[in-house]
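Understanding the architecture of this molecule
Read off the chains here:
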Amino acid sequence: MLRATLKSLLARKLRLTLSTLAVVLSVMFVSGSLVLTDTLGRTFDNLFANIYTYTDVQISAKNQIEQQGGGNNPVTPFPASVVDRVAKVDGVQKATGQVFLNGAMPIGKNNKVVINQTGQEFGANWTGEDQLVKLYTGEGPRSDNEIVINKGLAKKAGFNVGDSMDVITRDQKRATYKIVGIMVYTGGRDSMAGESAIFFTTPRAQESMLGDTTHTQFNVMDVKARSGVSDDKLRDDIKAELGSGFVVQTGKDLSEESSKAIKDILKYFNYVLLGFGAVALLVGVFLILNTFSIIVAQRTQELALLRAMGAARGQVLRSVLLEAVIIGVIGSALGFLVGLGLGAGGARAFVSLADGAQVASLGFPISAVIASFAIGIGVTIVAALMPAVKASRVAPIAAMRESAAPDRPLTKLTIFGSVITALAIGSLSWGLAGAGGGTLLLVFGGVLGLLIGVALLTPIISKPLVAVLGSLFSWSIPGKLGKRNSSRNPRRTAITAGAVMIGIAIVTAISTIFTSLSTALGDTVNKDLAADVVVLGQRTNDVPPVVSDDQLDRIEALPAAKTVAAVTVDQVEVNGEPGFVYAYFDPAAGMSVLQLKTDQGRTDRIGSGEFVVDKKTADNRKLKLGDSITVKFTKGAQKQLTLVGITGESALGDGIVISYDDAKAGFAFPQAWQVFMSVKDGSSVTDAKAAVNDILKDNPQVQAYTKDEYIKSNLQGFDYALVIVQVLLLVALAISILGVINTLLLSVIERTRELGMLRAVGLRRGQTWRMVTTESVVITMFGTVLGLAVGAGLGAAIVSALKSVLGFGAVTLPWGLMVVYFIASIIVGGIAGLIPSVRAVRLNVLGAIAYE
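First, a word on what this report is: a plain description of the structure on this page. Remember, it's a predicted structure, so these values are computed and weren't measured experimentally.

1. Regarding a nonpolar patch on the surface
A cluster of nonpolar side chains, namely Trp769, Val819, Ile823, Ile827, Ile831, Leu834 and Ile835, defines an oily patch on the protein surface of about 630 Å² accessible area. Of all elements in the fold, only α25 (815-832) and α26 (834-841) reach the threshold of two or more residues within the nonpolar patch. Per-element tally for the nonpolar patch: the top contributor is α25, with four residues. When you line up the elements, Leu834 lands in helix α26. Relative accessible area serves as the criterion here: at 38%, Leu834 is assigned to the partly exposed category.

Structure follows, in structure tokens:
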């Protein structure tokens, strides 16, 4: 039986290739995601290990408030006296106070900020060359108008020693500096991880990066240990000296913390790739199931003959499962190798954003190997199990019958599919309603069950729907034959179309959710925002792009300006919990532009020590007029605020609003983050926007937009998400094409004699080609129509259930995308029919008639 199984497998190389390819596509995204995560993880481990190689101990002051996301970004300065204290600790060789902060924005020769893809734009004080920092050319800064920049920035922006460059620093001031030196890191690297670095004199760095006009503060301290003193011991001794107000870490501690932060972000990329893999697996199951079902049907006589020669049912079962295992092993191995390349390529593309970083050597993570073979072999065996059981039940007498298996009644399958669908709808509804525990599990289980249930119901749906779709091509003899062929075996058509249906359904559901959310957001902004011009900027680092007070005054003085509302925001702690609060420069103008109505108290005036909230926030926090909250600001001050007003619910004006006086005293950046301006009747919005941009011409961080442009910029994230969805669709369609090709090729082989007879009675080659292609297109269209219906219904259900939670408006179906998907299905069906059509056309007529 083993020899017979291997010979049968090798005799059908095309079948083996197509089935194996389905497994490869199913496995490669899983292995690729694991390889990518492993490679990037080791890359950043190496990167941060190199960055902190020469760091024994580093000290920074604890931030005044807990930062969302954890960590301690060293923004809080400490006095130089702390450096003197540390220098006296036993075991310290040298303690050096440093200024090193994100937020020094270089301005290019085109008067625009030199965007850094990593978001790392450091400003620091020049302390001279050391083990890590080396001068590439020039010298260090000696006066406050001189700077040194890293070679990576010099290359990107086209600057050389002797050139002048403008820099916007954390104090939000723009100044012109002369470049007197270009530095590199040890080993001649332009940058450590693609960052830009600008070095000032120490007094200038203290003033522009820390706001320290006394020139007596630092935000980081580098400590070198004496020979024979371990970094860990020195760290512990310094901690004991300084107390709990400081963060003291070794270079190893810093490396591990930085690497962990990056890995926490990378896991989301892993989720995306695993999502692609899950869809590929689900579609691949249908392909493999269909392949083995057709194989078993075509081998009925062969299997019956084996039974007649003495093979037991168990041997036949094991024979088919052995084929599945072989295909699974080969597909898993190839899928792992393809995923290895995919992960390595993805790691290189990702790291290329951080110019100067070196990709870690290609690894073979054991998790990827185990997952690849476990999934590949497991999926193949699961998909082949039902056909294998069917094969084991072939009676020896079947050896004397035709190989084509008769259609079985669809009653049991329909009942089973109906039960699965009903249970899935119940699980989905229960999960979306948020009832009970395991909500997310109920939703995912419901979605999966719904797809499987509809797939089981597809055979009973296929006859009428395929007849309707096929009628579009029934104007010719080949079209009529193609239509009849696509509906002659409902089970086979259903499984083939099911692979298409799943991919289209998932993509359509996601597209419906994003389209509904995008439309709701656009409608909300359009309805609630009474502004014609909006000023905002693109944030490139820790420092927000802001509008200066002088620029704001000039905007307010424009003849076309009717109402101007400026808003600022900062992270704080509210009753000990991290959060954000807002402040309007003029509360009355802010309420007017955002069309916020007073529900209780007063909202047009907010004095020091007072705050206002919207009704939803008040309900969530259980606040009423007169209640107090304690707010701890970024600069360290803590203040108790009293609620004096509650506005109506609004998607744009939600949250806690405090007085601008309190914001100026406590915010890190109290300048205006956004400015909303309504224009007077009869004034041109375009001219008003141009006038605002003229005021902002020396501020390359911010720009004025019309209301429509502002709405469009807010919806860009949804556009990017939909691009990812389209990639997911391509993955699903790629596997679906294989399924259609596989089905039609095996069908052509099964109908060899029939095709020979048709050719003998006058069907020309071109007509044969059109007949097979029509069958392919009809099957693909059937799966697409079903997928569009299921996906739209699923998406609409999710949108309706989450309406109150996420602020959805009415369900908005992505009609444009749905039409594109339908047209794409016709193209995909035509492509999938090419290979089977060519095989059918090339059949020798006499040989086909004599085919057994």
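Still to come is the rest of the account.
2. Details of the nonpolar core
Core analysis: the biggest nonpolar cluster contains 110 residues, and Leu451, Met501 and Ile502 have the highest contact counts within it. Considering every element that reaches this core, the biggest residue donor is helix α7 (residues 251-298), with 14 residues. Dropping the residues within four chain positions of it, Ile502 is found in contact with Leu282, Val283, Phe286 and Leu451. Counting residues in each nonpolar core, the second largest holds 39 residues, with Val57, Val82, Leu153 and Leu242 among its members.

3. A word on the packing of helix α3 (residues 80-87) against helix α6 (residues 231-242)
Two elements in contact, α3 and α6, have axes whose closest approach is 10 Å; the angle formed by their N-to-C orientations is 130°. When the axes of α3 and α6 are compared, the pair comes out oblique. In this structure, α3 crosses over α6, and the sense of that crossing is right-handed. Within the contact between the two elements, α3 uses Val82, Arg85 and Val86 and α6 uses Ile238, Glu241 and Leu242. Of the residues that constitute the contact of α3 with α6, the class distribution is four nonpolar, no polar and two charged.

4. Considerations on the packing of aromatic side chains
Two aromatic rings are characterised by how far apart their centres lie and by the angle between their planes. Enumeration according to the criterion identifies seven aromatic pairs in this entry. Here the aromatic rings of Trp126 and Phe199 are separated by 5.5 Å at their centres, their planes lie at 85°, and the arrangement is edge-to-face. Of this pair, Trp126 sits in the loop between β6 (121-125) and β7 (133-138) while Phe199 sits in strand β11 (residues 196-200), and the two are 73 residues apart along the sequence. Across the pair, exposure class does not vary: Trp126 and Phe199 are buried alike. Aromatic side chains Tyr177 and Phe200 sit 5.3 Å apart centroid to centroid with 65° between the ring planes, which places their arrangement in the edge-to-face category. Taken together, the residues span a long stretch of sequence, with Tyr177 in strand β10 (residues 174-185) and Phe200 in strand β11 at a distance of 23 residues. For the pair shown, Tyr177 and Phe200 are each scored as buried. The ring of Phe159 has Lys109 sitting right over it, with the charged end atom 5.4 Å from the ring centre.

5. Observations concerning the pairing of strand β23 (residues 674-679)
Consecutive side chains along a regular strand alternate between the two faces of the sheet. A large share of β23 lies buried, amounting to five of its six residues. One ladder, built from three bridges, connects strand β15 (residues 533-537) with β23; its direction is antiparallel. Each residue of the ladder has a partner; that of Val535, found in β23, is Val675. Pairing analysis gives six bridges linking strand β16 (residues 561-574) to β23, with the strands arranged antiparallel. Within the sheet, the bridge partner assigned to Ala565 lies in β23 and is Phe676.

6. Looking at the side chain of Asn699
If you trace the backbone, Asn699 turns up in the loop between α19 (685-695) and β24 (702-706). On the accessibility criterion, Asn699 (8% relative accessible area) is buried. Asn699 has contacts with Arg174, Val546, Val547 and Gln551, leaving out every residue within four places of it along the chain.

Definitions and limits used
Residues numbered from 1 in each chain as written. Predicted model: local features only at pLDDT ≥ 70, side-chain atom pairs only at ≥ 80, totals over all residues. Heavy atoms only, no water. Patch = residues over 30% accessible without salt bridge, like charges linked within 9 Å, V, L, I, M, F, W, Y side chains within 5 Å. Areas by Shrake-Rupley, 256 points an atom, 1.4 Å probe, with all protein chains shown as cover. Salt bridge = Lys/Arg side-chain N within 4 Å of Asp/Glu carboxyl O. Helix = DSSP H or I, 4+ residues; strand = E, 2+ residues; numbered from the N terminus. Buried < 20%, exposed > 50% of the residue type's maximum accessible area, 1.4 Å probe, protein only. Core = buried A, V, L, I, M, F, W, Y, C linked by side-chain atoms within 4.5 Å. Contact = heavy atoms within 4.5 Å. Axes fitted to C-alpha atoms, helices over the stretch in contact; angles between N-to-C directions. Parallel < 35°, antiparallel > 145°, perpendicular 65-115°, else oblique. Left-handed = near helix turned anticlockwise from the far one by under 90°. Nonpolar A, V, L, I, M, F, W, Y, C, P; charged D, E, K, R; others polar. Phe/Tyr/Trp six-rings, centres within 6.5 Å; stacked < 30°, edge-to-face > 60°. Lys NZ or Arg CZ within 6 Å of the ring centre and 35° of its normal. Pairing = 2+ DSSP bridges.

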